[in-house]
Amino acid sequence: MASNSSAVRAFFVALLAGTVGMGSYAMTTGTDAGGNGTEGGQQAQHGDAAPAPFTTADQGSCLTWTVGEGGAISGFEQTDCAGEHRFEVASRQDLAVYPTAEFGENAPMPNPTRQAQLREELCGASTVRYLEGRYDPHGRYSIAPILPPASAWEAGDRTMLCGLQETDRAGEPILTTGRVVEQDQARTFEPGECVAIDGANSLSVVDCAAAHQMEITSRVDLAPVFPEGTPSVEDQDKHLGDVCTKAAHDYLGSEENLYQISLQPFWTTQQAAAWEGGSHSVNCALVFSSPEGGFAELTGTATGGKEVLRIDGNPPPDRPKRRPLREHQAPPAPEAAPDAPEAAPPAPEEAPQ
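Source: prediction; values computed, not measured.

A. Local environment of the pattern of salt bridges. Taken as a whole and assessed by the stated rule, the structure comprises 10 salt bridges. Between E102 and R114 there is a salt bridge, with the nearest N and O atoms lying 2.7 Å from each other. Here E102 is found in the loop between β6 (87-94) and α2 (112-130), whereas its partner R114 is found in helix α2, with 12 residues between them in sequence. Among the residues examined, E102 registers a relative accessible area of 31% and is labelled partly exposed. Here R114 falls in the buried class, since its relative accessible area comes to 12%.

B. Inspection of the pairing of strand β10 (residues 203-206) at higher detail. With 4 bridges joining them, strand β9 (residues 194-197) and β10 adopt antiparallel strand pairing. From the neighbouring strand, C194 faces β10, where its bridge partner is V206. Here β9 folds back onto β10, and the loop between the two strands holds 5 residues, one of which, N201, carries a positive phi near 65 degrees.

C. Representation of the state of the cysteines. Tallied over the full model, the rule gives 4 disulfides. Note that C62 is cross-linked by a disulfide to C81, the S-S spacing being 2.0 Å. The disulfide joining C62 to C81 has a torsion of about 105 degrees about its S-S bond and is therefore right-handed. Remark: C81 occurs in the loop between β5 (73-79) and β6 and C62 occurs in strand β4 (residues 62-67); sequence separation between them is 19 residues. Owing to a relative accessible area of 1%, C62 belongs among the buried residues under this scheme. With a sulfur-sulfur separation of 1.9 Å, C244 is cross-linked through a disulfide to C284. Across the disulfide from C244 to C284, rotation about the S-S bond amounts to roughly -65 degrees, and the bridge is consequently left-handed. Within this pair, whereas C244 is found in helix α4 (residues 233-252), its partner C284 is found in strand β13 (residues 281-287), the two being separated by 40 residues in sequence. Classification of C284 by relative accessible area gives buried; the value is 0%. Numbered in order of appearance, the disulfide-bonded cysteines of the protein are paired 1-2, 3-4, 5-6, 7-8.

Conventions adopted
Residues numbered from 1 in each chain as written. Predicted model: local features only at pLDDT ≥ 70, side-chain atom pairs only at ≥ 80, totals over all residues. Heavy atoms only, no water. Salt bridge = Lys/Arg side-chain N within 4 Å of Asp/Glu carboxyl O. Helix = DSSP H or I, 4+ residues; strand = E, 2+ residues; numbered from the N terminus. Buried < 20%, exposed > 50% of the residue type's maximum accessible area, 1.4 Å probe, protein only. Pairing = 2+ DSSP bridges. Disulfide = S-S within 2.5 Å.

Here's what the structure looks like:
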């Protein structure tokens, strides 16, 4: 069974909670054509001569665009949700009918702070309804608004699209395929990636030669394991203990290799709210639990063995010799079955007549 102390798990859950808080802010930060951040939303960029495709986009539409050098956006268009896209529309809002005259004929476009407020006021509930309640706010997808390009706003277009996007670790929308309601919403890492936890409790993939706290050994989809309903954390632990220990052995080549580098198998789990919101996958990883609590700083990949891996700047400690595992021992000589009947002597040959 893998080492999985409650202290280490509590530390990791706290880090994830901190990461989600930071990520939610970053995920709603777009970049306009001039390179200026727009907290809370994105402004589609088009030439004045081209109509804005999002003016006809409605609930269930998917949108995509190309991001050029410096963050300039071009090629903003509707596309099939089964193919690659960057945004799925959950609702279409008309700011012209907002309860106040805030967005009247001569009103300026909302500034970044106001855009973030509009996201909370108009997009959150409508997007969750669109997903029929199946949404994990700490998962892969974030809720965000898209406003018209400046020229369309000046011409009187007050459309705001609310929808969902998946972002990279820097908060930029990335290409995805398929509708969100059909996807596993869990935010996970890929096997072989090394994950660093910075001072702001943000998790990010780094080169394994750089300082990190976890090395991912596998990604596990728990939906087929628990098809009848939401599993408890204890049930997930029971299943993942063996699964992640085996993943560590497979990743490193053998159980002996894991023993020699002194790292411990570790795994994440899904809380009930996240599971019911659509997050069903978790990660298995390798960590080193510090005596003071939390994870030690690792450099180098665990697959490089003691010659490459460093734990808080030091090689893995020497491990005491141990008896070979049962599967490596020579099989014992077979023993005669107890009370086995003796073979009957051969019958005497008859003399020839």
